[in-house]
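# Examination of the molecular architecture
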Amino acid sequence: MTMEEMLAEISRAHFPHPPATIEQIAAFESQVGWRLDADLRAFYLHCDGAELFNPLPDANYSILSLAEILRARVAIWGRDEDSAGPASWYAIVDCQDTDFVLVDVAQQETGRYPLLDAYHGTYPQVRQIAASFSEFLERALTSGDQFFWLKK
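These numbers come from a predicted model, not from an experiment.

What follows is about the UniProt feature "domain: Knr4/Smi1-like" (unreviewed entry) in the protein chain. Using the residue numbers shown here, the UniProt feature "domain: Knr4/Smi1-like" (unreviewed entry) corresponds to residues 19–139. In this annotation, residues 19–139 is assigned 27% helix and 25% strand; the end-to-end C-alpha distance for the span is 22 Å.

Our next topic: unusual backbone geometry. Looking along the chain, the bond that leaves Leu56 and enters Pro57 is cis, with omega of 10°. Structurally, the position occupied by Pro57 is in the loop between β2 (50–52) and β3 (61–63). Pro124 follows Tyr123 through a cis peptide bond whose omega is 15°. Although it is not a glycine, Phe53 sits at a positive phi angle of roughly 75°. Counting through the fold element by element, Phe53 comes out in the loop between β2 and β3.

Turning our attention to the packing of helix α1 (residues 3–13) against helix α5 (residues 133–141). In contact at an axis separation of 10 Å, α1 and α5 are set at 45° when each is read in the N-to-C sense. By the angle between their axes, α1 is oblique relative to α5. Note that α1 runs across α5; the crossing there is left-handed. For the pair α1 and α5, the contacting residues are Met3, Met6, Glu9 and Ile10 in the first and Phe133, Ser134, Leu137, Glu138 and Leu141 in the second. Residue classes in the contact of α1 with α5 are distributed as six nonpolar, one polar and two charged.

A few words now on the nonpolar core. Formed by 40 residues in total, the largest nonpolar core has its most connected members in Phe43, Tyr44, Phe133, Phe136 and Leu137. No other element matches the five residues that α5 contributes to this core. Setting aside its immediate chain neighbours within four residues, Leu137 contacts Met3, Met6, Ile10, Phe43, Leu52 and Ile63. The next biggest cluster of nonpolar side chains, apart from the first, holds nine residues, and it includes Ala72, Ala91, Leu116 and Tyr123.

With that settled, the discussion passes to the packing of helix α2 (residues 22–32) against helix α3 (residues 38–46). Between α2 and α3, the shortest axis-to-axis distance is 10 Å and the interhelical angle comes to 135°. Classified by the angle between their axes, α2 and α3 sit oblique to one another. Between α2 and α3 the crossing geometry is right-handed. Touching Ile22, Ile25 and Glu29 of α2 are Arg41, Tyr44 and Leu45, all from α3. Split by residue class, the contact of α2 with α3 holds four nonpolar, no polar and two charged.

Thresholds, definitions, all that
Residues numbered from 1 in each chain as written. Predicted model: local features only at pLDDT ≥ 70, side-chain atom pairs only at ≥ 80, totals over all residues. Heavy atoms only, no water. UniProt positions renumbered as here; feature names shortened; annotations may be inferred. Helix = DSSP H or I, 4+ residues; strand = E, 2+ residues; numbered from the N terminus. Axes fitted to C-alpha atoms, helices over the stretch in contact; angles between N-to-C directions. Parallel < 35°, antiparallel > 145°, perpendicular 65-115°, else oblique. Left-handed = near helix turned anticlockwise from the far one by under 90°. Contact = heavy atoms within 4.5 Å. Nonpolar A, V, L, I, M, F, W, Y, C, P; charged D, E, K, R; others polar. Core = buried A, V, L, I, M, F, W, Y, C linked by side-chain atoms within 4.5 Å. Buried < 20%, exposed > 50% of the residue type's maximum accessible area, 1.4 Å probe, protein only.

Below is the structure:
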């Protein structure tokens with residue numbers, strides 16, 4: 001699926017938030033000190049966060065709004081210290097079970113950031129679950145509301 005097809009699917013069958021403005025994206029990037037890659041920029045211009053399959057509080061996939069994105073170590077441990085995980089990991093999806101999907105802004109392959117699974121009980125041990133946000137989104141949208149990375 002292309003990013004445009006996935007965004008249309010989110011608008012048609014899921015729970016998107018209103019889009020972010022260019023100004024909100026610029027303010028976010030200035031605040032965090034990194035730029036959204038092309039996948040994330042397209043998503044946030046389409047919707048500033050979304051819940052897939054079910055609205056909150058029942059959403060397994062809650063893609064955070066720009067205002068909700070935090071360093072993973074703050075989202076998971078509540079402290080912004082190097083002992084609590086790398087500064088380059090940011091929580092972008094709240095899976096509602098003390099599990100988050102992170103974006104690693106220190107890594108880029110073909111201009112895209114990889115996505116990582118981060119469980120509170122084992123953090124800062126993480127594992128890559130997608131090479132890009134578009135790969136993550138496609139797998140999430142076809143998951144039947146299951147965490148695709150946990151399937152055996």
